[in-house]
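# Architecture and fold: a report
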Amino acid sequence: MIEAVIVSLALVLDIALGDPKSRYHPTAWIGSLIALLVPLAKRTRSLEKPGGVLVVITAVSVVVVPLVALDMALEAVAAGVVLGAITGVILFKTTIAVRGMERHALDVVCHVERGDLESARASLSCIVKRSTAGLDQRKIISGVLESISENTTDGVTGPMFYYALLGLPGAFAYRVVNTADSMIGYKTPIFRDVGWFAAKCDTVLNYVPSRLTGLVMIVSAALLQNDWRGSYKTMLRDGRNTQSPNAGYPMAALAGALQTRLEKTGCYALDGGAVEPTVRHVREAIRMMRLTSALFLGMVAIPIIAALYLAGWYVHA
């Protein structure tokens, strides 16, 4: 099962090396492509909704079709298996971001530890959608914890899940939709119509991975001797409290594991306990993200690959 090797090596490489510079990263190219398509979709006000559909379909096609062609070309050459494995590791690694999330989270932590909350807010704004102006230390740390837990799905287990099902085309299709949602999937006058389809697609694609991630996170909490019972109870009780029908599950699981309260003022509260969130919780959340990523690989991704191999219809990398 070469695909199992590919996804395993890609995860190890990402944790060890992190991401390349932004201008070389495929996600940055995907973002640039979407940024080019959106103004075209918004040219006619009455056609913004169908234009939003075309933005997603076009972006997915531009990214996925070459990957399918590459796979077919590699199968036609003698060294295709070796070249396919190398290419697969390099490309799939760019769809996941464990080390990148760690770097952003610890950057906020460093500013908080120095008492520089203004710089901490600026760093936090790079990883959350909300306005960070005026946030106190507790809400800054809460924002980091929420971002770590949500990114565990968006940046690790989601791509892993769709790679297991559909190979590189699946992982990159997920990454395109997730990127489009992060750019235009807002219920604001500017993006409400053009971004609706990206938001809906992201909701559908994340439905299963987010819930599986929450469950695996509970296992991580148990192995790391955090409050796994609280993690389970909080996920069941508060997992549906967020505006997103998916993001609340890993977020609530993390809140319960750390026995703390994660809150976005005026939007939701995930009440895992009365412990004040601190920078120690951020470091513990990073440990949980790492372990959850590894466990998801062994408990979900590789079993899916094995099952599809046994069924005889696995889509090659």
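A few points on the structure. Being a predicted model, the structure only gives us computed values, none of them experimental.

In terms of regular secondary structure, the protein is built from eleven helices and two strands. Radius of gyration (C-alpha) of the protein: 20 Å, near the 20 Å computed for a compact globule of 317 residues. Expressed as lengths along the three principal axes of its C-alpha atoms, the size of the protein is roughly 60 × 50 × 35 Å. Out of the 317 residues belonging to the protein, those deemed buried represent 52%. A separation of at least 24 residues holds for 71% of the contacts in the protein among residues at least 6 apart in sequence. When the accessible area of the protein is evaluated, it comes to approximately 14,400 Å², of which 65% is carbon and sulfur surface. On the protein, the mean spot of the 30 positive side-chain charges and the mean spot of the 24 negative ones are 3 Å from each other.

A word on helix H5 (residues 98-113). The terminal C-alpha atoms of H5, which comprises 16 residues, lie 22 Å apart, in line with the 22 Å expected from a rise of 1.5 Å per residue. Listed as buried for H5 are Val 98, Gly 100, Met 101, Glu 102, Ala 105, Val 108, Val 109, His 111 and Val 112. Note on H5: the residue one or two positions beyond its end, Gly 115, has a positive phi of about 80 degrees.

Now for the packing of helix H8 (residues 196-223) against helix H11 (residues 279-311). Helix packing geometry: the angle between the two helix axes and the distance between the axes. Running from amino to carboxyl end, H8 crosses H11 at an angle of 115 degrees, the nearest separation of the two axes being 8 Å. The chirality of how H8 crosses H11 is right-handed. Counted together, Pro 209, Leu 212, Thr 213, Val 216, Met 217, Val 219, Ser 220, Ala 221 and Leu 223 of H8 and Met 288, Leu 291, Thr 292, Leu 295, Phe 296, Met 299 and Val 300 of H11 form the full contact between these two elements. Across the contact of H8 with H11, the residue classes break down as 13 nonpolar, three polar and no charged.

For Asn 246, the location among the structural elements is in the loop between helix H9 (228-238) and helix H10 (248-258). Look at Asn 246 and you get buried, because its relative accessible area is 4%. Residue contacts for Asn 246: discarding those within four places in its chain leaves Asp 202, Thr 203, Asn 206, Tyr 207, Ser 210 and Arg 211.

All chains considered together, the criterion is met by zero disulfides. Lacking any disulfide linkage, Cys 110 is separated from the closest cysteine sulfur, that of Cys 126, by 14 Å.

The subject of this paragraph is the nonpolar core. Formed by 88 residues in total, the largest nonpolar core has its most connected members in Phe 92, Leu 124, Leu 145, Ile 148, Met 160, Val 282 and Met 288. Val 282 has contacts with Ala 105, Val 109, Ile 141, Val 144, Leu 145 and Ile 148, leaving out every residue within four places of it along the chain.

The grouping of Met 1, Ile 2, Val 5, Leu 9, Val 81 and Tyr 309 at the surface amounts to a nonpolar patch, some 520 Å² of accessible area in total. Examining the composition of the nonpolar patch, we find that three residues originate from one element, helix H1 (residues 2-17), more than from any other.

Tallied over the entire structure, the rule returns five aromatic pairs. Here the aromatic rings of Trp 196 and Phe 197 are separated by 5.5 Å at their centres, their planes lie at 65 degrees, and the arrangement is edge-to-face. Every member of this aromatic cluster is reached through a ring pair, and the members are Phe 161, Tyr 162 and Tyr 174. The ring of Trp 196 has Lys 49 sitting right over it, with the charged end atom 5.7 Å from the ring centre. The ring of Tyr 207 carries Arg 211 above its face, with NZ or CZ at 3.7 Å from the centroid.

On any regular strand, side chains alternate: one points to one face of the sheet, the next to the other face. Where strand S1 (residues 261-264) lies against strand S2 (residues 268-271), four bridges are found, and the strand directions are antiparallel. Bridging from a neighbouring strand, Leu 262 pairs with Leu 270 of S2. Hairpin remark: S1 followed by S2, antiparallel, with three residues in the connecting loop; positive phi at Gly 266, about 80 degrees.

Right, let's talk about the packing of H5 against helix H6 (residues 117-124) for a bit. Following both chains from N to C, one finds H5 and H6 inclined at 170 degrees, their axes separated by 8 Å at the closest point. Judged by the inter-axis angle, H5 sits roughly antiparallel to H6. For the pair formed by H5 and H6, the contact residues are Asp 107, Val 108, His 111 and Val 112 on the first element and Leu 117, Ser 119, Ala 120, Ser 123 and Leu 124 on the second. By residue class, the composition of the contact of H5 with H6 is five nonpolar, three polar and one charged.

Enumeration over the complete set of coordinates arrives at 14 salt bridges. One salt bridge in this structure joins Arg 283 and Glu 113, with 3.2 Å as the shortest N-O distance. Residue Arg 283 is located in helix H11, and its partner Glu 113 is located in helix H5; the two are separated by 170 residues in the primary sequence. Judged by its relative accessible area of 39%, Arg 283 is partly exposed. Note that Arg 237 is salt-bridged to Asp 238, the shortest N-O span being 3.0 Å.

Parameters at a glance
Residues numbered from 1 in each chain as written. Predicted model: local features only at pLDDT ≥ 70, side-chain atom pairs only at ≥ 80, totals over all residues. Heavy atoms only, no water. Helix = DSSP H or I, 4+ residues; strand = E, 2+ residues; numbered from the N terminus. Rg over C-alpha atoms; globule rule 2.2 N^0.38 Å. Buried < 20%, exposed > 50% of the residue type's maximum accessible area, 1.4 Å probe, protein only. Contact = heavy atoms within 4.5 Å. Areas by Shrake-Rupley, 256 points an atom, 1.4 Å probe, with all protein chains shown as cover. Lys, Arg positive; Asp, Glu negative; His and termini not counted. Charge placed at Lys NZ, Arg CZ, Asp CG, Glu CD. Expected span 1.5 Å × (residues − 1). Axes fitted to C-alpha atoms, helices over the stretch in contact; angles between N-to-C directions. Left-handed = near helix turned anticlockwise from the far one by under 90°. Nonpolar A, V, L, I, M, F, W, Y, C, P; charged D, E, K, R; others polar. Disulfide = S-S within 2.5 Å. Core = buried A, V, L, I, M, F, W, Y, C linked by side-chain atoms within 4.5 Å. Patch = residues over 30% accessible without salt bridge, like charges linked within 9 Å, V, L, I, M, F, W, Y side chains within 5 Å. Salt bridge = Lys/Arg side-chain N within 4 Å of Asp/Glu carboxyl O. Phe/Tyr/Trp six-rings, centres within 6.5 Å; stacked < 30°, edge-to-face > 60°. Lys NZ or Arg CZ within 6 Å of the ring centre and 35° of its normal. Pairing = 2+ DSSP bridges. Parallel < 35°, antiparallel > 145°, perpendicular 65-115°, else oblique.

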